[in-house]
Amino acid sequence: MPPYSTDSPVLTAAPPDDVAHPQSAHAAFIEVRGKNDVAAVLINAQGQILEATEVAASMLGYSMSDLVGRSLQDLGATGWRWSITNALMRLGSACAKPFNLQLLGRSGRRALIEMIPRPNLRERGVDRHHLLVWREQRTCDRQVPLSAGEAELRRLAFALLDTQDDQRSRIASDLHDGIGPLVIAAKFFAEGAAARLNGGDMQQATTMLETTVARLRDVLSELHRITVQLRPSSLNDLGLLPTITWYCRDFGQLKPQLKLGCDLRVAEERIPAELKLQIFRIIEEAMRNVGTHSGATEASVILAEDRHELELRIEDNGCGFDAAGVLEGDPGGMGIGLHSIAKRIDGTGGRLEVCSHRGRGTALTARWSLQPAS
Ligand SMILES: Nc1ncnc2c1ncn2[C@@H]1O[C@H](COP(=O)(O)OP(=O)(O)OP(=O)(O)O)[C@@H](O)[C@H]1O
Ligand SMILES: [Mg+2]
């Protein structure tokens, strides 16, 4: 077999539909292996390569036996691990949509490869295998003009930097304006208590010490608020449901004019671990929009399991907006919020629906398939 040539940007691969419906991913692989020009790998649920055709191996400069045993995570180029994790999650939930991954070849050459999953018809066990047909998109080390998608990614990367700067200044002002005065007050009352104790005025000293303790309690809760905003550690310690409850209570306190409901109708253990942080970030982003743009007097956050689906819904009775125009219009004209919500949902194999009409509020719904409860 001739070695894979880097001059040819597209490898001739049989589209997956060419393969007769096999009984399993493994049987499909054996069938594909019989075709000389197909680049394909068989992977397990963790992304480890169990079998590979010679064309797939030579695409990355490996021999077949060298490629087998490696995992997509090990082969992933810098910055692509999250995409690989997402892709494996999607495969695990029987999503057969093709996806692109950038892998590192043996020589360090980066290759952007389209991976076309062969729908897995029979293997429904826990140890599920997947057949992926590979098509190289292009060599990534060459200078090529940016595609629309890449240009959009760049725009988002810059927008993210802006957001990071915003967040830093918010943290700085939280520390300076929120914690600073509380600590100064605590110090003032502690010094006052010491002076009263020296003067023998026990009653005043006690009162001042009690005030000191109250201010220190405020410092702790302010610190808690700031750290949770940075990274909700309660997601790991307590779970998603208590974290959402806490978030809604906190949001309601900051916006007393908004009546915010929180309706959680799913068991914590039914929510896939990889979804928890994503769901929390989606709620944060959507609620930020409710607070900033909607002018709503009522809103609710609903997370529920319904017929093997996990449904997240954030709705408000505010001014509404032209959702289709914003989501499908010129991406340069929209903020980063809705875009990041859409990416998070898409990246985790979910579906997004935004229903909004001017003057009649907004409902943002995300749905993910769940494995049937055992
Ligand atoms: N709940 C809502 N009610 C009314 N309008 C909304 C709502 N959510 C979004 N919008 C509209 O959609 C636009 C895009 O929202 P998006 O979150 O993408 O960007 P942004 O909030 O303007 O900026 P960023 O999120 O980057 O700070 C908003 O500017 C606003 O006009
Ligand atoms: Mg926003």
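The coordinates are above.
I will try to describe carefully the structure that is included in this document. Starting afresh in each chain, residues are numbered from 1 along the sequence in its written order. Chains carry letters from A onward and ligands carry numbers from 1 onward, assigned in written order. Where local features are concerned, this predicted model is filtered to residues with pLDDT of at least 70; where side-chain atom pairs are given and counted, the filter is 80 or more; whole-chain, interface and lining totals use all residues. Working from all heavy atoms in the structure, the side-chain values ignore hydrogens and water.

## Describing the site of ligand 1
And step 1. Near ligand 1, the surroundings consist of 14 residues, among which Asn-289, His-293, Asp-316, Ile-336 and Leu-338 are the closest.
And step 2. Taking His-293, its side chain carries an N or O atom lying 2.6 Å from an oxygen atom of ligand 1.
And step 3. A distance of 3.0 Å separates a nitrogen atom of ligand 1 from a polar side-chain atom of Asp-316.
And step 4. Computed by Shrake-Rupley with a 1.4 Å probe, the accessible areas treat only the displayed protein chains as cover when residues are assessed. Compared with its free state, where it exposes 600 Å², ligand 1 has 73% of that area covered by protein. Proximity is defined per residue: any heavy atom of the residue falling within 4 Å of a molecule or strand makes that residue near it. Pairs of N or O atoms within 3.5 Å make up the polar contacts considered here, provided that, within protein, one atom can donate a hydrogen while the other can accept it, and that residues adjacent in sequence are counted only when both atoms are side-chain atoms.

## Observations regarding the pattern of salt bridges
And step 1. By definition here, a salt bridge exists when the distance from a side-chain nitrogen of Lys or Arg to a carboxyl oxygen of Asp or Glu is within 4 Å. If you walk through the whole model with that rule in mind, you get 16 salt bridges.
And step 2. Among the salt bridges present, the one from Asp-346 reaches Lys-97, with a minimum N-O distance of 3.9 Å. One end of the pair, Asp-346, is in helix H12 (residues 337-347); the other, Lys-97, is in the loop between helix H5 (81-92) and strand S3 (99-104), with 249 residues separating them in the sequence.
And step 3. With its nearest N and O atoms 3.3 Å apart, the salt bridge here joins Arg-288 to Glu-285. Of the two residues, Arg-288 and Glu-285 are both situated in helix H10 (residues 273-294); the distance of 3 residues between them amounts to about one turn of the helix.
And step 4. What emerges from the salt-bridge pattern is a single network uniting Glu-311, Glu-353 and Arg-367. Working definition: helices are DSSP H or I runs of at least four residues, strands are E runs of at least two. Numbering for both runs from the N terminus.

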